[in-house]
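Results of the structural survey
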Amino acid sequence: MLEILQNLASQTGFATLDIKNYIMILIAFFFMYLAIAKGFEPLLLVPISFGMFLVNMFPGIIEEGGLLNYFYKLDEWSILPSLIFLGVGAMTDFGPLIANPASFLLGAAAQFGIYGAYFLAIAFGFSGKEAAAISIIGGADGPTSIFLAGKLGMGGTLMGPIAVAAYSYMSLVPVIQPPIMKALTTKKERLIKMPQLRPVTKLEKILFPIVVTLVVVLILPTTAPLVGMLMLGNLFRESGVVRQLTETASNAMMYIVVILLGTSVGATTSAEAFLNISTLKIVLLGLIAFMLGTATGVIFGKIMCLVTKGKVNPLIGSAGVSAVPMAARVSQKVGAEYDPTNFLLMNAMGPNVAGVIGTAVAAGTFLAIFNVH
């Protein structure tokens, strides 16, 4: 009987966990607090934080044969990120981007944060592939970060910290972006009212995903999994003939994928993998990349404001990162603080959607550079 009790005691969490596991559990509770009490991207942070909580109580859940290991394989194989893009396409109206093609420039400008962070990561001692996987955090796009990390072979080392950093910054867009936006713009610029966008025809909306896929994938075939799924989802939406597919992609399937992806990402944050100097570097580099992306978007918005003689509000440049539609909402919120009648949301959606495409293109560019298919 004593031996049985000793065996049972040795299998409890109290006997197998160390101080690092308890630190990670506290971090998981902090993320839960942000999601539940503060409302920061709860659809993402609740499953991520609970996956983090589970793996630090029972590490075997992510090991070979463990439940979340099977979910995680879908991340490594790029299946879940691609399905997320399918759902995003089915949920998103590309009309503002079609109505104002110049928004592509703002979306492209915000990607400078990614390329700047790439060279900075190399200076921090990371290899080329590691630097590429880390720098994509600057797009504030969790699925693309997971996709690129998996393709570049970072699954067993850096994917967890990269994914958690990317999703954390996605959820903290309303906290991180406004101070940068206000610091780089004048009150006069923030008060600029932009004209209402022109109506977009149904034919334009149908042709847009087809043309974008044709052009982008011909130039960068490595973008096909992300851009292709994004545009397929949008074609579902705009064609008007596959309502059931649109509803499934944007609702039931999307939520199932978020559960699988979120819990598996959270489960990669075991104490051994997460509490080290490399993780701190990744978190810092991701933050720098995201802040640079926001700043370059706003700065290019100021340039467009100057060129158009005051017709572009630079605040919409911050929406050029890939966090759709949250970044566009932040542009609207900051503008409304100075003039409650100023409605920037639809104008900001153009750069925001362009940012999704731009981040996918940046990921495809890195894959092409390293000859990864």
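Higher on the page you've got the structure.
Quantities reported herein were computed from a predicted structural model and do not represent experimental measurements. (Residues numbered from 1 in each chain as written. Predicted model: local features only at pLDDT ≥ 70, side-chain atom pairs only at ≥ 80, totals over all residues. Heavy atoms only, no water.)

With respect to the overall build of the protein
Helix and strand counts for the protein come out as 21 helices and zero strands. Taking 373 residues into account, the globule formula puts the C-alpha radius of gyration at 21 Å, and the protein, at 21 Å, falls close to it. In the protein, buried positions account for 54% of the 373 residues. A sequence separation of at least 24 residues applies to 79% of the contacts in the protein between residues at least 6 apart. When the accessible surface of the protein is summed, it comes to about 16200 Å², and 72% of that surface belongs to carbon and sulfur atoms. (Helix = DSSP H or I, 4+ residues; strand = E, 2+ residues; numbered from the N terminus. Rg over C-alpha atoms; globule rule 2.2 N^0.38 Å. Buried < 20%, exposed > 50% of the residue type's maximum accessible area, 1.4 Å probe, protein only. Contact = heavy atoms within 4.5 Å. Areas by Shrake-Rupley, 256 points an atom, 1.4 Å probe, with all protein chains shown as cover.)

As for the packing of helix α15 (residues 202–219) against helix α16 (residues 224–239)
Two elements in contact, α15 and α16, have axes whose closest approach is 9 Å; the angle formed by their N-to-C orientations is 170°. Considering the angle they form, α15 stands roughly antiparallel to α16. Facing α15, whose interface residues are Lys202, Lys205, Ile206, Phe208, Pro209, Ile210, Val212, Thr213, Val216 and Val217, α16 presents Ala224, Val227, Met231, Asn234, Leu235, Glu238 and Ser239. Its residues assigned to classes, the contact of α15 with α16 comprises eleven nonpolar, three polar and three charged. (Axes fitted to C-alpha atoms, helices over the stretch in contact; angles between N-to-C directions. Parallel < 35°, antiparallel > 145°, perpendicular 65-115°, else oblique. Nonpolar A, V, L, I, M, F, W, Y, C, P; charged D, E, K, R; others polar.)

Overview of the pattern of salt bridges
Summed over the entire model, instances satisfying the criterion amount to nine salt bridges. Lys193 is the salt-bridge partner of Asp339, the closest N and O atoms lying 3.6 Å from each other. Of the two residues, Asp339 is situated in the loop between α20 (326–338) and α21 (345–369) and Lys193 in the loop between α14 (187–190) and α15; the sequence distance between them amounts to 146 residues. What makes Asp339 buried here is its relative accessible area of 15%. Of the charged contacts in the structure, one is a salt bridge between Glu247 and Arg243, with a shortest N-O distance of 3.3 Å. In this pair, Glu247 and Arg243 are both assigned in helix α17 (residues 243–266), four residues apart and thus about one turn of the helix distant. (Salt bridge = Lys/Arg side-chain N within 4 Å of Asp/Glu carboxyl O.)

Re the packing of aromatic side chains
Tallying each qualifying case throughout the model produces nine aromatic pairs. Aromatic pair Phe94 and Phe208: ring centres 5.5 Å apart, planes at 80°, arrangement edge-to-face. With a gap of 114 residues between them, Phe94 in the loop between α6 (79–91) and α7 (95–99) and Phe208 in helix α15 connect regions that are remote in the sequence. Of the two residues, Phe94 and Phe208, both sit in the buried class. Seen in terms of ring centroids, Tyr118 and Phe366 are 5.2 Å apart; in terms of plane orientation they differ by 40°. Their pairing is tilted. Highlighted residues: Tyr118 in helix α9 (residues 112–123) and Phe366 in helix α21, separated in sequence by 248 residues. (Phe/Tyr/Trp six-rings, centres within 6.5 Å; stacked < 30°, edge-to-face > 60°.)

So, the nonpolar core
Core analysis: the largest hydrophobic core is formed by 112 residues, its most contacted members being Ile134, Ile137, Leu152, Ile162, Leu230 and Met231. Examining the composition of this core, we find that eleven residues originate from one element, α21, more than from any other. Ile137 has contacts with Ser145, Ile162, Ala165, Ala166, Tyr169, Ile282 and Gly286, leaving out every residue within four places of it along the chain. (Core = buried A, V, L, I, M, F, W, Y, C linked by side-chain atoms within 4.5 Å.)

A word on unusual backbone geometry
Glycine aside, negative phi is the norm for most residues, and most peptide bonds take the trans geometry. Note that the residue after Val324, namely Pro325, is joined by a cis bond; omega there is -5°. Of note, Pro325 is situated in the loop between α19 (277–307) and α20. Backbone geometry places Lys309, a non-glycine residue, at a positive phi of 60°. Positionally, Lys309 belongs in the loop between α19 and α20. Residue Lys309 is classed as exposed on the basis of its relative accessible area of 77%.

Looking at the environment of Ile136
Checked against the element boundaries, Ile136 lands in the loop between α10 (128–135) and α11 (142–151). The sequence separation of Ile136 and Tyr118 amounts to 18 residues, and the corresponding C-alpha distance is 8.2 Å. Apart from residues lying up to four places away in sequence, Ile136 is in contact with Ile114, Thr144, Ser145, Leu148, Thr359, Ala362, Ala363 and Phe366.

Observations regarding the packing of α6 against α11
One way to put it is that α6 packs onto α11 with a least axis distance of 8 Å and a crossing angle of 150°. By the angle class used here, α6 and α11 are roughly antiparallel. The crossing of α6 and α11 is left-handed. When α6 is examined against α11, the residues Pro81, Ile84 and Phe85 are found in contact with a partner set consisting of Pro143, Thr144, Ile146 and Phe147. (Left-handed = near helix turned anticlockwise from the far one by under 90°.)

A few points about helix α5 (residues 67–76)
Three or more residues of α5 are buried, namely Leu68, Asn69, Tyr72 and Asp75. Along the axis of α5, the buried positions cluster into a sector of 105°, meaning they face one direction only. When the buried face of α5 is taken as reference, the exposed residues oriented beyond 90 degrees from it are Leu67 and Tyr70. Check the buried side of α5 and you find it contacts α6, α11, α12 (159–171) and α17. Positioned one or two residues after α5, Ser78 has a phi angle of 70°, which is positive. (Arc of directions from axis to C-beta.)

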